[in-house]
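Survey of secondary and tertiary structure
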Amino acid sequence: MPEIKKHYRQLVTLFLSLALSSVVHAADVRVAVAANFTDTTRDLIAAFGASTGLEAVASYGSTGKLYAQIENGAPFDVFLAADSRRPELIEESGQGVAGTRFTYARGKLALWSPVPETFEDPKTWLKSGDFARLAIANPRTAPYGLAAQEVLTGLNLWEDLQDRLVRGDSIAQTFQFVATTNAQSGFVALSQVRAWEEKGGSLWLIPQSYYSPINQQAILLTRSENNGAAHKWLEFLRGDTARGIIEKFGYETEN
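Okay, so let's go over this structure. (Residues numbered from 1 in each chain as written. Predicted model: local features only at pLDDT ≥ 70, side-chain atom pairs only at ≥ 80, totals over all residues. Heavy atoms only, no water.)

Further remarks concern the overall build of the protein chain. Each helix and strand counted, the protein chain has 10 helices and 10 strands in total. Carbon and sulfur atoms make up 49% of the accessible area of the protein chain, which amounts to about 12100 Å² in all. (Helix = DSSP H or I, 4+ residues; strand = E, 2+ residues; numbered from the N terminus. Areas by Shrake-Rupley, 256 points an atom, 1.4 Å probe, with all protein chains shown as cover.)

Take a look at the structure:
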């Protein structure tokens, strides 16, 4: 059995390497990015290239799935998670460089629908159950999904709404459920609403006291400890230009 598991891990690593190689082979720095940070990262990559002449390429997914890929040897240089727990685990396991972990953004959760007047009083609307589907990200793999679970639990609605919840593998998929009206509303990242090309709709910016802080942390992976471009990417993330971009998308940053 141990040999089978070892062989399976090797196959997974090989598959990931082949799948990613066509995308990341020419990049100076390869970044695994939590799905909620997709639009922000695109702007950051453009600004990073303009200021340094270096190329960064990102792969997006739920924090939990990216963490599993890194554990299995996926060829990333830097991990931008949507929480602090996975980067901490990577650092503790020796797969992340000690001292490089920091909070690059603090996320905000919103209840959103692209349809105006879907709800006026969001808590009353949620308690009414006057909807067929409510979208959330999978709380096991997506920190924004865990935050949504905390909100619904605090409102004493988590159990009552189980048959109406549709779970996205990532916050990106969750947003798509709502944007395409396959769900009447959903818990998404505020940054996604900010980046959405259409305007209007119904939005409740959920008080941050309703859920644990979404401290999104970055860490340099040990396999790329000597990659100068990866160090420059992390340095760039701490700078004023990057912070301005991050805040534009609705995140908070640390001083």
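Our focus in this paragraph is the packing of helix 2 (residues 38-52) against helix 9 (residues 228-238). Look at helix 2 against helix 9: their axes get within 11 Å of each other, and the N-to-C directions meet at 115°. Relative to helix 9, the element helix 2 is oriented roughly perpendicular. Both helix 2 and helix 9 take part in a crossing whose hand is right-handed. Across the interface between the two elements, Leu44, Ile45, Ala47, Phe48 and Ser51 from helix 2 touch Ala229, Lys232, Trp233, Phe236 and Leu237 from helix 9. Here the residues of the contact of helix 2 with helix 9 sort into 8 nonpolar, 1 polar and 1 charged. (Axes fitted to C-alpha atoms, helices over the stretch in contact; angles between N-to-C directions. Parallel < 35°, antiparallel > 145°, perpendicular 65-115°, else oblique. Left-handed = near helix turned anticlockwise from the far one by under 90°. Contact = heavy atoms within 4.5 Å. Nonpolar A, V, L, I, M, F, W, Y, C, P; charged D, E, K, R; others polar.)

A few words now on the pairing of strand 10 (residues 214-220). Among the 7 residues in strand 10, 6 count as buried, and that is most of the element. Across 5 bridges, the pairing between strand 4 (residues 102-107) and strand 10 is antiparallel. By the bridge assignment, Arg106 is partnered in strand 10 with Asn215. (Buried < 20%, exposed > 50% of the residue type's maximum accessible area, 1.4 Å probe, protein only. Pairing = 2+ DSSP bridges.)

Everything listed is a geometric property; what it means functionally is a separate question.
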